[in-house]
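# Structure assessment
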Amino acid sequence: GAGVSQSPSNKVTEKGKDVELRCDPISGHTALYWYRQRLGQGLEFLIYFQGNSAPDKSGLPSDRFSAERTGESVSTLTIQRTQQEDSAVYLCASSRVSNTEAFFGQGTRLTVV
Amino acid sequence: AQTVTQSQPEMSVQEAETVTLSCTYDTSESDYYLFWYKQPPSRQMILVIRQEAYKQQNATENRFSVNFQKAAKSFSLKISDSQLGDAAMYFCAYKKLTGGGNKLTFGTGTQLKVEL
C-alpha cells in the first residue's frame, strides 16, 4: 500500500476482554515496529519484527501482550485480559532494512473501560 | 541504555517568527542517528529532519534546521518563518547506527502552538 495502515482506528473494550490490533506495513518493508503512546507521553517501543521473526521483544510490558507477523506483511498485536492501564494509542511503523527512516501509521486508540 | 530528554512540554511562537525546540540525549555510542518527528492531531508521526552523528554539518530541510552539538549531546530544532500548519507535538528521537534493530527511543515531546 501507499502508507502504513492500522485498524481499527479506535477501539473501546471492557476490562478483561482480549483485543487484536492490526498493522499493514508499506509493501516491501521488511522491518516492522509496534510502539505504545500513553496520553501526554512519548512513544514506548514494544516489539520489532524483521520479516516474520521478532529479534527484539524487550518492550512488551507483560505476558498479556503478544504479536505476530505473517511473512513480510500484516502484523497483529494482541492484548489479553485488558486492563485500564492498557489504554493508549498503539502505533505501528515499517522501514526497509537498509533505510533508516521509519514510516508510521495513524495508530489505534484503545480505551479500556 | 539510551535516553532522550525534552525539557519543554509546551512552546508558543508567533506566525512568521522563529522558534527553537530543545533536546538532549544520553548514549555511550559514537555513531547514531537523531530525528525530529512531528505529530499533528491526526496522530501520524511525520519525519521532519534527520541527522547522522558522524556528520559535522547540521541538517536542514527548508524552514527546519538543527543545531547538533555532539560533545554536549544536544540536538535542537529551529523552525523559521513559523506557519499555522507547524502547530503539533514534536518528538526528538535516537537510533543506534548498528544493532538495536532500528528501534527509536523517543523523548516526551514538546507541544508547539503557533499564534496569529
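Residues numbered from 1 in each chain as written. Chains lettered and ligands numbered in written order. Predicted model: local features only at pLDDT ≥ 70, side-chain atom pairs only at ≥ 80, totals over all residues. Heavy atoms only, no water.

### Section: the pattern of salt bridges
Residue and element names in this part refer to chain B. Scanning the entire structure with this criterion turns up 11 salt bridges over all chains. Of the charged contacts in the structure, one is a salt bridge between Asp26 and Lys73, with a shortest N-O distance of 3.7 Å. Remark: Lys73 occurs in the loop between strand 8 (64-69) and strand 9 (74-79) and Asp26 occurs in strand 4 (residues 24-26); sequence separation between them is 47 residues. Looking at Asp26, the relative accessible area reads 41%, which means it is partly exposed. For Lys73, a relative accessible area of 27% gives the class partly exposed. Note that Lys55 is salt-bridged to Glu52, the shortest N-O span being 3.8 Å. Classification of Lys55 by relative accessible area gives partly exposed; the value is 40%. (Salt bridge = Lys/Arg side-chain N within 4 Å of Asp/Glu carboxyl O. Helix = DSSP H or I, 4+ residues; strand = E, 2+ residues; numbered from the N terminus. Buried < 20%, exposed > 50% of the residue type's maximum accessible area, 1.4 Å probe, protein only.)

### Topic: the sheet that holds strand 8 (residues 75-79) of chain A
Residue and element names in this part refer to chain A. Strand order in the open sheet formed by four strands is 1-3-8-7, and the pairing between neighbours is antiparallel. Of all strands in the sheet, those bounded by a partner on one side alone are strand 1 (5-7) and strand 7 (65-69). In this sheet, neighbouring strand axes are inclined to one another by 15 degrees on average, regardless of whether the strands run parallel or antiparallel. Two elements, strand 7 and strand 8, share five bridges in a ladder whose sense is antiparallel. Of the residues in strand 8, the one forming a bridge with Ser66 is Thr78. (Pairing = 2+ DSSP bridges. Axes fitted to C-alpha atoms, helices over the stretch in contact; angles between N-to-C directions.)

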